[in-house]
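Summary of the model geometry
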Amino acid sequence: MSKQAIGMFDSGVGGTSIWKELNALLPHENTIYLADSKNAPYGNKSNKEILSLSEKNVEFLIKKKCKLIVVACNTATTNAIHKLREKYNIPFIGIEPAIKPAALQTKTKAIGILATKGTLSSDLFHKKTNLFTNDIKVIEQVGEGIVDLIENGKVASDEMKELLKIYMHPMLKANIDYLVLGCTHYPYLIPQLLEILPSHIKIIDSGEAVARQTKAVLRQHNLLKNVTNKPTLKFYSNGKPEVMQQLLTNDYPVEYLDF
């Protein structure tokens, strides 16, 4: 079973930012990545819709005999992962905004969180935020329109830069020193954000922590791949495969699949 693939899904191409961290830490593991770009973004959907889409993705990955599933989507994690764990007998790894490290390290006692509406309005997000930010000012910003631009290959567009300037304005006014990226699409914005933000503001996301947690859970279940042959890496998209191919720097083929 250890040779079976790690499955991953996201509401589009954003979770490839998590896949890159995972592949860097576990370069011999077989992986299957599922991009539900047709239904992106999940952040604007109801809890019921998010759960239904997540179950559809999980069932696809289980049919592919995956040994563990990474929910590489903040919105799907915060809205659906507890239900997925109840329903399916497979280990799940979720993604949550890195609020804790930001809250523990802030000097200005102000942090910014850029995320989708679905993440910011979820119970899990509020529980985590309240747990660590009692004496800290938290500026929440819904990244309306960002996922759509990324899914259409416009990561580095002028339109994206203008949108980010608008979203960063209240955070800069509040004197944040940490910006938490609460959507797996958003690490692709770091080059533009570095141009907009002063150098003292640190940008953090969950990718590295998710990769470490995945390794720990695989080890715990005795599922780490124990051979170092070349891995099988599969990428499926029901949107625009060329956009995902571009984000993967054309190193891996992406297959169109209508699911």
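Residues numbered from 1 in each chain as written. Predicted model: local features only at pLDDT ≥ 70, side-chain atom pairs only at ≥ 80, totals over all residues. Heavy atoms only, no water.

Some thoughts on helix 3 (residues 74-87)
Here helix 3 contains 14 residues, and its C-alpha end-to-end distance of 19 Å stays within 8% of the 20 Å for a straight helix at 1.5 Å per residue. A80 marks the point of greatest bend in helix 3, at about 65 degrees. (Helix = DSSP H or I, 4+ residues; strand = E, 2+ residues; numbered from the N terminus. Expected span 1.5 Å × (residues − 1). Bend = angle between axes of the 7 residues up to and from the residue.)

Things to note about the side chain of S11
Relative to the helices and strands, S11 resides in the loop between strand 1 (6-10) and helix 1 (16-25). Not counting residues up to four positions away in its chain, the partners in contact with S11 are D36, S37, A40, P41, Y42, C73, E151 and H185. (Contact = heavy atoms within 4.5 Å.)

Some points on unusual backbone geometry
Geometrically, the link from A40 to P41 is a cis peptide bond, its omega value of -5 degrees lying close to zero. Residue position: P41 is located in the loop between strand 2 (31-35) and helix 2 (47-63). Here the phi dihedral of K65 falls at roughly 65 degrees; this positive angle occurs in a residue that is not glycine. Assignment of secondary structure puts K65 in the loop between helix 2 and strand 3 (68-71). Look at K65 and you get exposed, because its relative accessible area is 56%. Within the chain, N175 stands out as a residue other than glycine whose phi angle is a positive 65 degrees. Turning to its location among the elements, N175 is positioned in the loop between helix 8 (158-173) and strand 7 (178-182). (Buried < 20%, exposed > 50% of the residue type's maximum accessible area, 1.4 Å probe, protein only.)

Spatial relationships are all this shows, so hold off on functional conclusions.
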